[in-house]
Amino acid sequence: MRRILLFALLLLVALGSNAQTEKGRLTIQPRVGMTLSSFTGGGSGLSGGRFGIVIAGHGGLTGKFGFTGGVDLEYGLSDLWSVSVGMGYTQLGARDDCNTAMEGSLTDGQQNYQIIMTGKNDMKYSLDYLTVPVTIALYPYRGLSLRTGLQLGLCLSAHAEGSYYVETMHMVPGHSKQSFPSWQTPTHIESAIDGDIGHNVRKLDLGIPVGLAYEYENFVLDARYVFGLLNLSKIRHDGHMRNSVFSLTLGYKFKVTK
């Protein structure tokens, strides 16, 4: 395996003579495109909804499409390598359509009651970020580049919308059934959720982008995947969830120097 990797690296270096960057060249590249995102890790769903209910689906998360746009500044370190820093706006999130286990609290205005429930939910989580990717690129062949680095994200807003349907509702052990308020004891509850969950989502995010780009006549088609590193939720019931993002953008390079 090591010999194969070494051979591949030597081949990339050998092809570097056809690279599409040069030492000292500075470019600026506006870009726009789309994202397909979801959450990965030990949990699914983010806290939201009225009554402080924690929505924690099991295995039902699917991708959500969004928009991304920004600008990158790239500097050629040599004819083979370059470094870039960018800033952009990125729409992330996930969809959750699955059976759920919900845990939280209800109140009758005088006392809080701990409950557990099972049911189904159909939710959409929308997280908007200001992103700052810092990457290093290798140009193994003319027009083709491979890049990786770090991406910092600042959560600008977080929103949850959808509905949940409760099939069963039980008291957590330690609370007597008699103390549960009668107006909250139905066996079925259906409710809509549409609200801000920014107070439950961490403001800072960090990820590792890995991408492939192709440049032709100053147009750049860029495909990359970002592995989230940090837990999104502040709520321990939500588990350890991270952003998982695929993006496809089209940009245009303008030369600033050379």
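Residues numbered from 1 in each chain as written. Predicted model: local features only at pLDDT ≥ 70, side-chain atom pairs only at ≥ 80, totals over all residues. Heavy atoms only, no water.

## Description of the overall build of the chain
Scanning the chain for helices and strands turns up one helix and twelve strands. The order of helices and strands in the chain, counted from the N terminus, is α-β-β-β-β-β-β-β-β-β-β-β-β. Considering the chain as a whole, with its 258 residues, one finds that 43% of them fall into the buried category. The long-range share in the chain, meaning contacts at least 24 apart out of those at least 6 apart in sequence, stands at 75%. Carbon and sulfur atoms make up 62% of the accessible area of the chain, which totals about 13600 Å². (Helix = DSSP H or I, 4+ residues; strand = E, 2+ residues; numbered from the N terminus. Buried < 20%, exposed > 50% of the residue type's maximum accessible area, 1.4 Å probe, protein only. Contact = heavy atoms within 4.5 Å. Areas by Shrake-Rupley, 256 points an atom, 1.4 Å probe, with all protein chains shown as cover.)

## Examining the pattern of salt bridges
On inspection of all chains with the given rule, the structure shows six salt bridges. The partner of Glu161 in a salt bridge is Lys124, and the shortest N-O contact between them spans 3.5 Å. Of this pair, Glu161 sits in strand β7 (residues 144-171) while Lys124 sits in strand β6 (residues 112-141), placing them 37 residues apart in sequence. Given a relative accessible area of 30%, Glu161 falls into the partly exposed group. Residue Glu215 pairs with Lys253 through a salt bridge whose shortest N-O separation is 3.2 Å. Here the residue Glu215 occupies a position in strand β9 (residues 204-216), and Lys253 occupies one in the loop between β11 (241-252) and β12 (254-257), the gap between them amounting to 38 residues. Judged by its relative accessible area of 5%, Lys253 falls in the buried class. When salt bridges that share partners are traced, they join Glu74, Arg147, Glu215 and Lys253 into one network. (Salt bridge = Lys/Arg side-chain N within 4 Å of Asp/Glu carboxyl O.)

## Points about the environment of Val132
Note on placement: Val132 falls in strand β6. Its relative accessible area of 24% is what places Val132 among the partly exposed residues. It is 5.1 Å that separates the C-alpha atoms of Val132 and Leu152, two residues lying 20 residues apart in sequence. In this structure Val132 touches Val85, Gly86, Met87, Leu150, Gln151 and Leu152, once residues within four positions along its chain are discounted.

## Considerations on the packing of aromatic side chains
Counted under the stated rule, the structure contains four aromatic pairs. Here the aromatic rings of Phe39 and Tyr125 are separated by 6.1 Å at their centres, their planes lie at 45°, and the arrangement is tilted. Taken as a pair, Phe39 in strand β1 (residues 26-41) and Tyr125 in strand β6 lie far apart in primary sequence, 86 residues in all. Judged by its relative accessible area of 0%, Tyr125 falls in the buried class. Ring plane angle 75° and centroid distance 4.8 Å describe the contact between Phe219 and Tyr252, whose orientation is recorded as edge-to-face. Separated by 33 residues along the polypeptide, Phe219 in strand β10 (residues 219-228) and Tyr252 in strand β11 bring together distant segments of the chain. (Phe/Tyr/Trp six-rings, centres within 6.5 Å; stacked < 30°, edge-to-face > 60°.)

## A short note on empty space enclosed by the protein
Here the structure, examined in full by the defined rule, presents five cavities of 30 Å³ or more. If you add up the space inside the largest cavity, you get close to 200 Å³. Forming the walls of the largest cavity are 15 residues, and the residues nearest its centre are Thr68, Thr90, Gln151, Arg224 and Ser247. Elements supplying a minimum of two residues to the lining of the largest cavity: β1, β4 (64-76), β5 (81-107), β6, β10 and β11. Split into classes, the residues belonging to the lining of the largest cavity amount to four nonpolar, seven polar and four charged. (1 Å grid on protein atoms, 1.4 Å probe; cavity = no way out; pocket = protein on both sides within 12 Å on 5 of 7 lines; lining within 4 Å. Points joined across faces, edges and corners; volume = space filled by probe spheres on them. Nonpolar A, V, L, I, M, F, W, Y, C, P; charged D, E, K, R; others polar.)

## Here's the deal with a nonpolar patch on the surface
A cluster of nonpolar residues, Ile28, Val71, Leu73, Tyr75, Leu77, Trp81, Val83, Val85, Val134, Ile136, Phe254 and Val256, forms a patch on the protein surface that exposes about 940 Å² of accessible area. At the level of secondary structure, the elements contributing two or more residues to the nonpolar patch comprise β4, β5, β6 and β12. You can see Val134 is positioned in strand β6. Under the relative-accessibility criterion, Val134 is labelled partly exposed at 42%. (Patch = residues over 30% accessible without salt bridge, like charges linked within 9 Å, V, L, I, M, F, W, Y side chains within 5 Å.)

## Digging into the confidence of the model for the chain
Low pLDDT means the predicted atomic positions in that stretch should not be read closely. On average, residues of the chain score 77 in pLDDT, and 62% of them reach the 70 mark or higher. Below pLDDT 50 for its whole length, residues 48-58 participates in 42 contacts with residues either more than four positions away or in separate chains. Throughout residues 172-186 the model reports pLDDT below 50, and contacts reaching past four residues in sequence, or to other chains, amount to 22 contacts. (pLDDT = per-residue confidence, 0-100.)

## Focus on the side chain of Ser38
Within the secondary structure, Ser38 sits in strand β1. When sequence neighbours within four positions are dropped, the list of residues in contact with Ser38 reads Leu61, Thr62, Gly63, Gly93, Ala94, Arg242, Asn243 and Ser244.

## Here we look at unusual backbone geometry
Even without being a glycine, Glu217 presents a positive backbone phi close to 50°. Glu217 sits in the exposed class, given a relative accessible area of 56%. Even without a glycine there, the phi angle at Asn218 is positive, about 75°. Within the secondary structure, Asn218 is located in the loop between β9 and β10. Given the relative accessible area of 30%, Asn218 is considered partly exposed.

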